[in-house]
Amino acid sequence: MSEHEREELMDVAPGAPHDSLMSETLSYIVGLGLALLLTGVSFWVASTSSIWGPGVAMGLVVLAIAQMGVHLVFFLHITSGPDNTNNVLALAFGVLIVFLVMIGTIWIMGHMNVNMGPMPELTNLQMQRG
Amino acid sequence: MFGRLTWEAIPLTEPIPLITSLVVILAIGAAVVWVTVKGWWPYLWNEYITSTDHKRIGIMYFVLGLVMLIRGFADAIMMRAQQMFAVGASQGYLPPEHYNQIFTAHGTIMIFFVAMPLVISFMNFVVPLQLGVRDVAFPTMNNVSFWLTASGVLLTNLSLFIGEYARTGWLGFPPLSEQQFSPGVGVDYYLVALQIAGVGTVLTAVNFVTTILKTRAPGMSYLRMPVFCWTTLAANLLILAAFPVLTATYAMLMLDRYLGFHFFTNDGGGNSMLYMNLIWVWGHPEVYILILPAFGIYSEVVSTFSGKPLFGYRSMVFATLAICIISFCVWLHHFFTMGAGADVNAIFGIASMIIAVPTGVKIFNWLFTMYGGRVRFNVPMYWTIGFMLTFVIGGLTGVLLAMPPVDFLVHNSLFLIAHFHQVIIGGVVFAIMAGYTYWFPKAFGFTLDERLGKAIFWCWFIGFHLAFMPLYVLGFWGGTRRLQHIADPTWQPWLDVAFVGALLIGLGIVLTVVQLLYSIKTRDRRLDTTGDPWDGRTLEWLTLSPPPHFNFAVLPDVHGEEAYWTRKQTALREEKLIEEPDYKAIEMPVNTPTGVIVAFFASLCGFALIWYIWWLAIVGLVGAFAVLVWYAWRDEHEHIIPADEVAQLERERRRIRKEQIQTWPRPA
Amino acid sequence: MTGVETPAVGLTHGASEDTGLGHRGPESKSIVVPYGFWLFVLSDMVLFSALFATYATLAHATDGGPASNELFDRTLVAIETIALLLSSFVCGLAMIAARRRNLIWTQIWLLVTGLLGAVFLGIELYEFAMMIGEGAGPQRSAFLSAFFTLVGCHGAHVTAGLLWIGTMMAQFWAKGFQPHIMRRMMCLSIFWHALDIIWVAIFTIVYLMGTLP
């Protein structure tokens, strides 16, 4: 089997870069640039009044996810190629669990806070004391 | 200098812990003396303690789990006795402060230091052999994982001699587990020991997921892996996903206790319901971590002893992965009554019922495997059939509990206790006994005595039902869990029956030890000379018993499902083995004391944290780090087994198998 | 390609460079080790998700004490963020130099990575000290417990990373670019980048969302 064919079959470790010095360095430079841009936009979105209030939080989440993606692609070299399948699947599983834990907890605890908050009498007592 | 450790920590005024401590110390002392006198330390050190061989590590896990089973069962029989005696006017023999420690220790030890190590022992021993490879992906880390678990065991058991244990139940719910209401060392013993053991468990998961996904014999694609490997993969993915949540939650409780934080306290804005939520995010996947490998063991046993390939391999794989994912979507069913409301309860209730479906698929697949096969009723098959009867009913009570309206009546009642013991004993313990009998000859070169094996089964099967069926009834009658005293005298007969059941199980455990000793003594009558005593279908039966250190002289080429079965049938049909391979030298990882030394420092640090001996805690931490750096500096990672030695061992195996070809039954 | 031609066959030594479908046997150590570490890093992310979930639940449990919009300084956060991001970039450069076996540049970039990480840590410790000085320490309220633990846990990971960078530099100097040293460098690189990913979530959810006008 030729060099080229063997290389195509090689599986790649997560974080392992894929090619030449120039393109490797370029990958990091582009990643840095995009990340700096996204960070700057995040800070701006969080301080401006020109965006509708409730949309700000959503915007920040989207920008954060985008920046995490930049890190994954440009710094950790996670791609969608067949040599990266295991890495991507592991990442997908991790993301699923993170999602379930965070959203599940927030959903459940939100309901708990509504249903199981201190009774009015108790709150009254606390306010009298505190 | 010694923090809060004083001489009062030794339970001189409490007869039960005192006598137990003395007996245990004497027993350990006697064992140490015996080993020293016999000169076995070098052997133990080289062949087991520092071993990076997955087979040896598997055996060590099993021994650890078995010893802890005795401790956990002792707690159980004490509880059963107390409940039987303390009815009506009588107060029994265990005051509440002591009883509470016993049920806490019972649960903690059984889940973390019996079930987990025993299940992990099989994963360790069997998976690399079934995958056709030489060891797990990270053999040294495997050794470290074992010793960290052992460190957790040590610390937990130390609480019997020095200090006390937690009184909070095995999950340590706040606010009771907070400093304000549990100011002693008990909860700290509980938390520190489990944190240390938890690190070991996560490392095990990294090891096995990597091994299964990245190191398999040539030709073994995913859908040619044995089902036990699939279930091990799913269980370890769950460990990776769930244990970090446990670590975080325990860390937060430790911060509350040690540094006055307010995560779960009553004051300062703390929210103890948050603890419940997080701990069960871990707790539910945990039980699937235990049951999935058990299902895998049953799959192997059923297909081997029915003489048929497993029915519905792909649906088994799919069901396993479905259970894996769904198990992360049901955790709220452990606290339906805490007040999340009807819509939240409904979603989690439905998910909890849905998870019964893939389990049902598995049961049907096992039944269809047996149907049309020539079933051989060896001991592992007894355990499997016992499992099917027991676990199905336990699962049904689980579906009942999954309905919030029902759960509101029986949450935390004896009904719940009966349910989870039924699925854990019927599911996990029976599988461990089946696997133990099934793979024992592979590990040691001779089978266990069958008659005693059957007696052990009947003790457990009958004993379990006697011990727990009454509890379903008592649960419906309003009996809550963890009762130190029973007010209603009409419950007496049921509690008596339950106690008898527990005694019977105890007999089963005693017989297990007897069986082991007897089988060792009479092993020459039951030698496994060929390495394939059960006419197996998976690759571990290709090797001799016990396998050589390197497992396979040449990694087997896998051409279909049931890699070994096809190869065996071909050899029998053609009346010859495959061509003799080109023998190469084999590199195997060296032994290492890293694990046992890291665990030593971890134990030191843990003990110091529990007793507030801060300088010692730092020593322990620095020591552990230093050992890791020292390990990182070594240059010799592998040792070489010369090709001649490999050839000699393999030729011996081939000679034996060539002889067997004449006597084994021909393929149909 | 795989490099060394060993006479002996280990589990993953001299093994195949397969695409994970198992057709050619076990994969080599240079793939197996970083993959295992990647799994560990993902489990660490789950740990942080539990801390994030806790923070989200307790974010308003201030017990009458100081809240997020009174405590956080966006300028400091911006500097921390840039420092950590640059250190991630520089770590990448160190990896590039290491793959080319250039000892001088590997050490220089690793040192800069560590220094930038130390800057990050210094600012964070300063911030913590200031807050504790004002009576807004972790014992004040559940919100503050959650804040200090989430951000502090990340800081503890950064500290561990700095220790690792130091050890890595020592190992490169003492042992050169042997395969097992390179594998550790790969793992360090994965770790360091993952820390920056977590920080993105932290500065967004904790600092920015906590100080919205």
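Our subject is the structure listed above.
These remarks concern the structure in this document. Quantities reported herein were computed from a predicted structural model and do not represent experimental measurements.

1. Digging into the overall build of chain C
Part 1 of the argument: Each helix and strand in chain C was counted, giving 6 helices and 0 strands.
Part 2 of the argument: Mapped from its N terminus to its C terminus, chain C presents α and β elements in the order α-α-α-α-α-α.
Part 3 of the argument: In chain C, which comprises 213 residues, the share counted as buried stands at 66%.
Part 4 of the argument: Pairs at least 24 apart in sequence give 73% of the contacts found in chain C among residues at least 6 apart.

2. Side note on the interface of chain B and chain C
Part 1 of the argument: Between chain B and chain C, the contact holds 52 residues from the first and 50 residues from the second.
Part 2 of the argument: Contact between chain B and chain C buries roughly 4,000 Å² in total, counting both sides, with carbon and sulfur atoms accounting for 67%.
Part 3 of the argument: A per-residue breakdown of the area chain B buries against chain C is headed by Lys214(B), Glu587(B) and Trp633(B), which together make up 16% of the total.
Part 4 of the argument: Linking chain B to chain C there are 3 salt bridges.

3. As for the environment of Leu148(B)
Part 1 of the argument: Structurally, the position occupied by Leu148(B) is in helix H5 (residues 139-161).
Part 2 of the argument: The residues contacting Leu148(B), other than those within four sequence positions of it, are Ile196(B), Ala197(B), Val199(B), Gly200(B), Leu203(B), Val598(B), Ala599(B) and Ala602(B).

4. A look at the pattern of salt bridges
Part 1 of the argument: Under the definition given, this model contains 20 salt bridges over all chains.
Part 2 of the argument: The partner of Lys214(B) in a salt bridge is Glu27(C), and the shortest N-O contact between them spans 3.7 Å. Of this pair, Lys214(B) sits in helix H6 (residues 186-214) while Glu27(C) sits in the segment before helix H1 (29-58), placing the two residues on different chains. As far as the burial class goes, Lys214(B) and Glu27(C) line up, both buried.
Part 3 of the argument: The partner of Lys576(B) in a salt bridge is Glu574(B), with the nearest N and O atoms 3.5 Å apart.
Part 4 of the argument: Glu574(B) sits in the partly exposed class, given a relative accessible area of 47%.

5. Brief notes about the nonpolar core
Part 1 of the argument: Among the nonpolar cores identified, the biggest contains 323 residues, and Trp366(B), Trp38(C), Phe147(C) and Tyr207(C) are the most heavily contacted of them.
Part 2 of the argument: Per element, the largest residue contribution to this core is 22 residues, and it comes from helix H7 (residues 227-259) of chain B.
Part 3 of the argument: When neighbours within four sequence positions are excluded, Trp366(B) is seen to be in contact with Phe295(B), Tyr298(B), Ser299(B), Val302(B), Leu310(B), Met316(B), Phe387(B) and Met388(B).

6. Focus on the packing of aromatic side chains
Residues and elements named next belong to chain B.
Part 1 of the argument: Taken as a whole and judged by the stated rule, the model has 75 aromatic pairs over all chains.
Part 2 of the argument: Note on Phe364 and Phe368: the rings are 6.3 Å apart at their centroids and 25° apart in plane angle, and the pair reads as stacked. A residue pair is termed a helical-turn pair when its members lie 3 or 4 positions apart in one helix, as Phe364 and Phe368 do in helix H11 (residues 356-370) at 4 residues.
Part 3 of the argument: Exposure remark for Phe368: the relative accessible area of 42% places this residue in the partly exposed category.
Part 4 of the argument: These aromatic residues form a ring-pair network of at least three members: Phe62, Phe122, Phe228, Phe305, Tyr436, Tyr438, Trp439, Phe440, Phe444, Phe446, Trp534 and Trp541.

About the cut-offs
Residues numbered from 1 in each chain as written. Chains lettered and ligands numbered in written order. Predicted model: local features only at pLDDT ≥ 70, side-chain atom pairs only at ≥ 80, totals over all residues. Heavy atoms only, no water. Helix = DSSP H or I, 4+ residues; strand = E, 2+ residues; numbered from the N terminus. Buried < 20%, exposed > 50% of the residue type's maximum accessible area, 1.4 Å probe, protein only. Contact = heavy atoms within 4.5 Å. Buried area = accessible area lost by both parts, 1.4 Å probe. Salt bridge = Lys/Arg side-chain N within 4 Å of Asp/Glu carboxyl O. Core = buried A, V, L, I, M, F, W, Y, C linked by side-chain atoms within 4.5 Å. Phe/Tyr/Trp six-rings, centres within 6.5 Å; stacked < 30°, edge-to-face > 60°.

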